[in-house]
Amino acid sequence: MIVAIEPKRNSLAGWDISISVNAEAKETITGVDVLVNEFNQKSIQFARPTKAWAIELDQQGQVPGHNVVEVQVTTSDENTNSYYREWGG
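Residues numbered from 1 in each chain as written. Predicted model: local features only at pLDDT ≥ 70, side-chain atom pairs only at ≥ 80, totals over all residues. Heavy atoms only, no water.

1. With respect to the nonpolar core
- Formed by 18 residues in total, the largest nonpolar core has its most connected members in Ile17, Ile19, Val21, Ile29, Val69 and Val71.
- Of all the secondary-structure elements, those providing two or more residues to this core are β2 (15–22), β3 (29–36), β5 (52–60) and β6 (66–75).
- Excluding its chain neighbours within four sequence positions, the residues that come into contact with Val21 are Met1, Ile2, Val3, Ile29, Lys51, Ala52, Trp53, Val71 and Val73. (Core = buried A, V, L, I, M, F, W, Y, C linked by side-chain atoms within 4.5 Å. Buried < 20%, exposed > 50% of the residue type's maximum accessible area, 1.4 Å probe, protein only. Helix = DSSP H or I, 4+ residues; strand = E, 2+ residues; numbered from the N terminus. Contact = heavy atoms within 4.5 Å.)

Structure below.
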């Protein structure tokens, strides 16, 4: 699984966070949960497994402050793995 979490400072408030999830060769994605600073911002279960998913969350996190994004990805074999990105600003 390849997961990218990219924060970008929002000029109005917080951060814009781009998230992409791409399954590798034999993997498929059945669900994704996104938490920003331990608050669930997005939860999705796919009716049909997919190979890729992406989202941009606007005005999330704290400025100044410490921020943590956790992306929990569930695969078709029912394994759930978590991926993290932390930053301050």
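2. Observations concerning the sheet that holds strand β7 (residues 80–88)
- The sheet built from four strands is open, its strands ordered β4-β3-β6-β7 with antiparallel pairing. The open sheet is flanked by β4 (39–50) and β7, the only strands paired with a single partner. The mean inter-strand angle of the sheet, taken between neighbouring strand axes irrespective of direction, is 15°.
- With nine bridges joining them, β6 and β7 adopt antiparallel strand pairing. Residue pairing across strands places Asn67 opposite Trp87, the latter belonging to β7. (Pairing = 2+ DSSP bridges. Axes fitted to C-alpha atoms, helices over the stretch in contact; angles between N-to-C directions.)

3. Remarks on the sheet that holds β2
- Across the sheet, three strands lie side by side as β1-β2-β5; this open sheet has antiparallel pairing. A single partner strand is all that each edge strand has here, and the edge strands are β1 (2–9) and β5. Neighbour-to-neighbour, the strand axes of this sheet turn through a mean angle of 10°, independent of strand direction.
- Examined bridge by bridge, β1 and β2 share eight bridges and lie antiparallel to one another. Pairing of Ile2 across the sheet is with Asn22, part of β2.

4. Things to note about the pairing of β3
- With eight of its eight residues buried, β3 lies for the most part within the structure.
- Note that β3 and β4 share seven bridges and pair antiparallel. Across the sheet, Val36 pairs through a bridge with Phe39, a residue of β4.
- Between the end of β3 and the start of β4, which pair antiparallel, lie two residues, with Asn37 showing a positive phi angle near 50°.
- Two elements, β3 and β6, share seven bridges in a ladder whose sense is antiparallel. When the bridges of β6 are listed, Leu35 appears paired with Glu70.

5. Focus: the pattern of salt bridges
- Under the counting rule described, the total for this entry stands at one salt bridge.
- Ionic pairing is found between Glu6 and Arg85, a salt bridge with its closest N-O pair at 3.5 Å. Within this pair, whereas Glu6 is found in strand β1, its partner Arg85 is found in strand β7, the two being separated by 79 residues in sequence. (Salt bridge = Lys/Arg side-chain N within 4 Å of Asp/Glu carboxyl O.)

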